[in-house]
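The chain contents come next:
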Amino acid sequence: MNPEALLACLTTPACIVTQVSAGMIIGMLIFLVASGVTLIFGVLKVVNFTHGSFYMLGVYFALTAYGLTGSYAVSLLAGAIGVGLFGVVFERFFMSKVYNADVLMQLLVCYAFILILDDVVKTVWGGDFLKMGMPEEFALPPIKVWDGFVPPFYAFLTVFAVLIAVLVAALLGLTRFGKIVRAAAVNRQMVSVLGINTSLVYALIFGLGSVLAGLAGALAAPVRSAVPGMGFDILIESFIVTVIGGMGSMGGAFIAAIGIGLIRSFGTIGFPLATEGVMFAIMAIVLLIKPTGLFGRRAA
Amino acid sequence: MTARLAITGLMKRFGGVVATDNVTLDFAPGSLTAIIGPNGAGKTTFFNLITGKLKPDGGEIRLDGVDISGQTQSEIVRRGIGRAFQVASIFPRFTVEDALTAAVLTHRQQTSSMLRRFPLPDAASRAREIMALVGLERVGKTPSRYLSHGDQKLLDIALALALEPKVLLLDEPTAGMGPEERWQMIERVQRLWSEVGMTLVFIEHDMDIVFKIAQTIRVLRYGKVLAEGTPDEIRSNEAVIEAYLGTSLEEPA
Amino acid sequence: MTARLEVLAGVVLGALVVALTLAFGDKALLDVLMRLAIFGLLALSLNILVGYTGLVSFGHAMFFGLGAYSFGLLMQSGAVSIPSAALITLVVACIWGGVVGTFCIRLDDIYFSFLTLAFQMLLYSIIIGWVSLTGGDQGLMGGIPRPPFLGINLAEPRQLFVLIVVVFVVCVLAIRQIVQSPFGFALRMIRDNAERARFLGLPVQRYKLIAFVLSGFFGSVSGILMSLYVSGAYPNFAFWSMSGDAIFMIILGGLTVFLGPLVGAAVFLLLNDNITRLTEHHGIVMGVVLLAIVLGMRKGFLDVLDEWWQARASRAEARAGGDRQ
Ligand SMILES: Nc1ncnc2c1ncn2[C@@H]1O[C@H](COP(=O)(O)OP(=O)(O)OP(=O)(O)O)[C@@H](O)[C@H]1O
Ligand SMILES: [Mg+2]
């Protein structure tokens, strides 16, 4: 516990800028994973507990692609597309088999895959920490903001994540595909009666949700070290964010994710041991006052 | 005579839809009433309001003179309004006998005991009484999920009976049954009513059944009370003939 | 079976196992049986929620970890005896269960699972973070003292074995009594159809909370036994994979048959030990086994038997009923 340090930081512009930018990338990564979870849940009504592992896969795919090509753009694509395809396969051959089963079965399928994926990653990439390092594209001088400096990659990550969020929102809100998805979320049978292949819609949504996790992983690769089992923490955080923000609310998840990111980042200065506790306390308070989350409508 | 259940000016809106529009209805103690009306008339909503599943936007619901609107479902249940559902709502993995015993225990508030063994003998014997009353003894040991559709509806009613309700609301007790099964079911309901002597209100689409057994009929349409009276009065009611019987041709048999 | 017969059977079986093991068994057998008792109790306690109340907790290991750490820390403080440390630990576990449960039962289905998981990870991160108290990722170091009490010396493996078996039998009988009581059937009603139960006037939320605390109580008993057995406490006791394993055990054995989770624990330990011996790819093998069970059978071994039995019985009744008509 170090309130003086926190106070000192909060009165120093340079420190504020540093911590806010660090908090933003934490928040954006959580948000991408959380929005994948929310998207899948909103339409398919299942919670993909493997989403953290998908994020981990994204990190490793990006690492390998970067090692092979040296291009970060390719890494991003590898993370997004690789995990997206994996998500579709996972949905078609495994998850779709338990849509009508109870929560326990869905949870167990996910648990099995968490075990398998952690082990596979360990087998393929080894159990040690791996680092990508900062890609050359971003080996630029830091950007001066106010009195402080923001690493260019941080700025890129934040802007890129927001862009993705806007893109996904546009896809769901403005296109015909989005219309079908929203209809299928409310009444699958009706949509399939209209001659639309809802299995395909489900697979695509699951794929899209996975793409978001894979992207998050690829975005994290330059700033996080990769290790088997790394997906779990972000899974928990993304759930916390969903609960705080309100189930099914992308906007809520976005705001909550930024909040959690800032708490994490400023917490490392002021209350390093209590950051988890603060996160949970916030979630507990939200649950007490508004069980459906800050921006959630009534639970279905 | 004072009414057992007195509804005054009941309102419920869902967005633009007024599902219950200023409904005022009385139900005399021991009466047998049918509620009819086309699909979407607001019949189920009416039951949901009485039983506290939905909160009314306005109006009063008095049970023996006490306003119960706004109370929770379990309070209302305890005050004596029981209900069976349009789609049978049962405990799939309980045998019929266990389900009824558990319902009796719940009603008697004896479920908190961890030191005794289920089933407590007197609850079990009460459960068997109820089974006999509705004619479910045949399948007492069968897990509810293996029951026929008709028996599941019967079990749903039996569960409501376990609460010894003063008022029993049945939402389409014969829904989804073949013609023969329907008559069996409705005869059971009628016998039940005459034996137990409670106030019974049922929603029904089959006009033959309604006109044969109901003492009074209430017709709902677009959330409003269109008409009420004895079967004969309803039969000769212009508004009903015009508005309701026209649409009833579209009802599935 | 009546309650009295069950107690009798439990005591006789327990005594038999103890006697035979002590007479003919070696150290390895003692170990196997103690682990089975501990993990069997963990799975059985979780099944109060999963199998009987229909609440899939994915955070049950929090009680396992809490029991082990709280008990271990109390013993290391040297201020209390083993029974009082156990008692204090159980009180702590009940309070934790009450507080955490109050939040968790506000949400249904998968959100309940997640919330329990989240609270467990909170405990885990406290254990990892509070190094000065818990030893962080090294666990409670230096062993847990086991001073004799009432003439019992738990530092002696055979006496420890007897104690663990006795506590196990007592807890199993207690859980059995709970799930066969009117309260236990109220939980089943909630599992089958909470909405209908509410409509019969059952205070569903309160019952869920009580079930949560009870499940946590017995879970922390198994945590206490674990810390006695390994003479320590480690963060992985409170890690999510421990919760996952406990669910795994339940599904392996079956959740509708009372002793299913115990059978599952036995199978799980057997699998686990042999896989660890045979291959490095522990996670892959366990994952594939789990997938095969979930997607192949969709339930545990004993569940399959139970269902078959029930279907047979009700067919027989239908036939008899048909004759009468
Ligand atoms: N929970 C709800 N939310 C929104 N609208 C509702 C809800 N429940 C009912 N409605 C609407 O209220 C109206 C009355 O519905 P209700 O189910 O009461 O009709 P009903 O007379 O029981 O019909 P049916 O004969 O088909 O059972 C319908 O327009 C329905 O769409
Ligand atoms: Mg209806």
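Source: prediction; values computed, not measured.

So, how was this worked out
- Residues numbered from 1 in each chain as written.
- Chains lettered and ligands numbered in written order.
- Predicted model: local features only at pLDDT ≥ 70, side-chain atom pairs only at ≥ 80, totals over all residues.
- Heavy atoms only, no water.
- Near = heavy atom within 4 Å.
- Polar contact = N/O pair within 3.5 Å; in protein donor to acceptor, adjacent residues only side chain to side chain.
- Areas by Shrake-Rupley, 256 points an atom, 1.4 Å probe, with all protein chains shown as cover.
- Helix = DSSP H or I, 4+ residues; strand = E, 2+ residues; numbered from the N terminus.
- Core = buried A, V, L, I, M, F, W, Y, C linked by side-chain atoms within 4.5 Å.
- Buried < 20%, exposed > 50% of the residue type's maximum accessible area, 1.4 Å probe, protein only.
- Domains from an automatic or database assignment.
- Patch = residues over 30% accessible without salt bridge, like charges linked within 9 Å, V, L, I, M, F, W, Y side chains within 5 Å.
- Salt bridge = Lys/Arg side-chain N within 4 Å of Asp/Glu carboxyl O.
- Pairing = 2+ DSSP bridges.
- Axes fitted to C-alpha atoms, helices over the stretch in contact; angles between N-to-C directions.
- Contact = heavy atoms within 4.5 Å.
- Nonpolar A, V, L, I, M, F, W, Y, C, P; charged D, E, K, R; others polar.
- Disulfide = S-S within 2.5 Å.
- Buried area = accessible area lost by both parts, 1.4 Å probe.
- Donors = N, O, S within 2.8 Å, 3.2 Å for Na, K, Ca; no water.
- Lys, Arg positive; Asp, Glu negative; His and termini not counted.
- Phe/Tyr/Trp six-rings, centres within 6.5 Å; stacked < 30°, edge-to-face > 60°.
- Lys NZ or Arg CZ within 6 Å of the ring centre and 35° of its normal.

A short note on the site of ligand 1
Residue and element names in this part refer to chain B.
Argument step 1. If you check the shell around ligand 1, you find 14 residues, and the closest are N39, G40, K43, T44 and T45.
Argument step 2. With respect to ligand 1, the side chain of T44 contributes an N or O atom lying 2.7 Å from an oxygen atom.
Argument step 3. Relative to its free-state accessible area of 630 Å², ligand 1 is covered by the protein chains to the extent of 62%.
Argument step 4. The set of elements that each furnish at least two residues to the shell around ligand 1 consists of β2 (17–27) and α1 (43–50).

Quick notes on the nonpolar core
Argument step 1. With 273 residues, the main nonpolar core has F49 and M283 of chain A, F202 of chain B together with F119 of chain C as its most contacted residues.
Argument step 2. Per-domain counts for this core show at least three residues from each of domain 1 (5–90 + 147–243) and domain 2 (92–146) of chain B.
Argument step 3. Residues V23, L25, F27 and L49 of chain B belong to the second largest nonpolar core, which totals 22 residues.

Regarding a nonpolar patch on the surface
Argument step 1. A cluster of nonpolar side chains, L77, I81 and L85 of chain A, forms an exposed patch at the surface whose accessible area comes to about 300 Å².
Argument step 2. Positionally, L85 of chain A belongs in helix α4 (residues 72–93).

Some details on the sheet that holds strand β9 (residues 216–221) of chain B
Residues and elements named next belong to chain B.
Argument step 1. Here we have six strands laid out as an open sheet, ordered β6-β7-β8-β3-β9-β10, and mixed in their pairing. Each edge of the open sheet carries a strand with a single partner, namely β6 (81–84) and β10 (224–229). Each adjacent strand pair in this sheet contributes to an overall mean axis angle of 20°, direction not counted.
Argument step 2. Of the strand pairs in this sheet, strand β3 (residues 32–36) and β9 are connected by four bridges, and their pairing is parallel. Within β9, the residue paired with I35 across the bridge is R218.
Argument step 3. Packing of α1 onto the sheet brings it into contact with β3, β6, β7 (167–171), β8 (199–203) and β9, and relative to β7 it is tilted by some 150°.

Regarding the interface of chain C and chain B
Argument step 1. Of the residues lining the interface, 38 residues belong to chain C; the matching set on chain B comes to 42 residues.
Argument step 2. Here chain C and chain B share two salt bridges between them.
Argument step 3. As a salt-bridge pair, R196 of chain C and D156 of chain B come within 2.6 Å of each other at their nearest N and O atoms.
Argument step 4. Looking at the side of chain C that touches chain B, the elements that each hand over two or more residues are α1 (3–24), α7 (157–180), α8 (182–199), α9 (204–230) and α13 (301–324) of chain C.
Argument step 5. When the residues that make up the side of chain C that touches chain B are grouped by side-chain class, the tally is 16 nonpolar, eleven polar and eleven charged.

Here's the deal with the environment of P142 of chain A
All names here are of chain A.
Argument step 1. Looking at where P142 falls in the secondary structure, it is placed in the loop between α5 (103–125) and β1 (143–145).
Argument step 2. Between the alpha carbons of P142 and A226 there is a distance of 24 Å; along the sequence they are 84 residues apart.
Argument step 3. Among all residues touching P142, those that are not within four sequence positions of it are F149, V150 and P152.

Some details on the sheet that holds strand β4 (residues 58–63) of chain B
Paired through their backbone hydrogen bonds, the strands of a sheet run either parallel or antiparallel.
Residue and element names in this part refer to chain B.
Argument step 1. One open sheet accounts for four strands, arranged β2-β1-β4-β5; its pairing is antiparallel. If you trace the sheet from one side to the other, it starts and ends with β2 and β5 (66–67), each paired once.
Argument step 2. In this structure, strand β1 (residues 5–14) lies alongside β4, joined through five bridges in antiparallel fashion. What sits directly across from I7, in β4, is I61.

Thoughts on the interface of chain C and chain A
Argument step 1. Each partner contributes to the interface: chain C provides 41 residues, whereas chain A provides 38 residues.
Argument step 2. Applying the counting rule to chain C against chain A returns zero salt bridges.
Argument step 3. Inspection of the chain C/chain A interface yields six residue pairs in polar contact (both at pLDDT 80 or more).
Argument step 4. When contributions to the side of chain C that touches chain A are tallied by element, the ones reaching two or more residues are α5 (109–129), α10 (240–253) and α12 (282–297) of chain C.
Argument step 5. Broken down by element, the residue count for the side of chain C that touches chain A peaks at 13 residues, all from α5 of chain C.

Remarks on the state of the cysteines
Argument step 1. Inspection of the entire model under this criterion finds one disulfide over all chains.
Argument step 2. With a sulfur-sulfur separation of 2.0 Å, C9 of chain A is cross-linked through a disulfide to C15 of chain A. With the S-S bond torsion at -95°, the cross-link from C9 of chain A to C15 of chain A turns out left-handed.
Argument step 3. The buried category is assigned to C9 of chain A, whose relative accessible area is 2%.
Argument step 4. There is no disulfide at C94 of chain C, and the cysteine sulfur nearest it, in C171 of chain C, is 12 Å away.
Argument step 5. Here C94 of chain C falls in the partly exposed class, since its relative accessible area comes to 26%.
Argument step 6. A residue is classified by how much of its surface remains accessible, and C171 of chain C, at 7% relative accessible area, is buried.

Description of the domain arrangement of chain B
Residue and element names in this part refer to chain B.
Argument step 1. You can read the domains of chain B as domain 1 (5–90 + 147–243) and domain 2 (92–146).
Argument step 2. On the domain 2 side, the residues contacting the 19 residues of domain 1 number 21 residues.
Argument step 3. Both sides together, the interface formed by domain 1 and domain 2 hides about 1,700 Å², and carbon and sulfur atoms give 63% of it.
Argument step 4. Taken as a group, L147, L155 and A162 account for 31% of the area that domain 1 buries against domain 2, more than any other trio of residues on that side.

So, the coordination of the magnesium ion (ligand 2)
Argument step 1. Within the first shell, the magnesium ion (ligand 2) binds the protein through T44 of chain B (OG1) and Q86 of chain B (OE1), at distances of 1.8 to 2.4 Å. Here Q86 of chain B lies in the loop between β6 and α3 (96–107) and T44 of chain B lies in helix α1, a separation of 42 residues in the sequence.

Points about the side chain of R188 of chain C
Argument step 1. Following the sequence through the fold, R188 of chain C ends up in helix α8.
Argument step 2. One buried charged residue, R188 of chain C, remains without a salt bridge, the closest side chain of opposite sign being D98 of chain B at 7.2 Å.
Argument step 3. In this structure the side chain of R188 of chain C is engaged in a polar contact, spanning 2.6 Å, whose partner is the backbone oxygen of V179 of chain C.
Argument step 4. Beyond its immediate stretch of four places on either side in the chain, R188 of chain C contacts F94 of chain B together with Y52, V179 and Q180 of chain C.

Observations concerning the pairing of β10 of chain B
Residue and element names in this part refer to chain B.
Argument step 1. As paired strands, β9 and β10 are joined by five bridges and run antiparallel to one another. From the neighbouring strand, V219 faces β10, where its bridge partner is A227.
Argument step 2. Count of turn residues in the β9/β10 antiparallel hairpin: two residues, of which Y222 carries a positive phi of about 50°.

A word on the packing of aromatic side chains
Each aromatic ring pair is summarised here by two numbers: the centre-to-centre distance and the angle between the ring planes.
Argument step 1. The full count for this structure, using the stated rule, is 41 aromatic pairs over all chains.
Argument step 2. Ring plane angle 65° and centroid distance 4.8 Å describe the contact between F94 of chain A and F113 of chain A, whose orientation is recorded as edge-to-face. Of this pair, F94 of chain A sits in the loop between α4 and α5 while F113 of chain A sits in helix α5; the two residues are 19 residues apart in sequence, bridging distant segments of the chain.
Argument step 3. Where F46 of chain B meets F47 of chain B, the ring centres are 6.4 Å apart and the plane angle is 35°; that geometry is what we call tilted.
Argument step 4. A relative accessible area of 1% means that F46 of chain B is categorised as buried.
Argument step 5. Linked through ring pairs, F49, Y111, F232 and F239 of chain A together with F58, F114, Y124, F239 and W240 of chain C together constitute an aromatic cluster.
Argument step 6. Sitting above the plane of the Y202 of chain A ring, R188 of chain A keeps its charged end 4.1 Å from the centroid.
Argument step 7. Over the face of the ring belonging to F27 of chain B we find R218 of chain B, whose NZ or CZ atom lies 4.8 Å from the ring centre.

What to know about the pattern of salt bridges
Residue and element names in this part refer to chain B.
Argument step 1. Applying the stated criterion across every chain, the model contains 25 salt bridges over all chains.
Argument step 2. Its salt-bridge partner being D64, residue K166 comes within 2.9 Å of it at the nearest N-O pair. Of this pair, K166 sits in the loop between α5 (149–161) and β7 while D64 sits in the loop between β4 and β5, placing them 102 residues apart in sequence.
Argument step 3. On the basis of relative accessible area, D64 is assigned to the partly exposed category, the value being 35%.
Argument step 4. The shortest N-O distance in the salt bridge between D232 and R235 comes to 3.4 Å.

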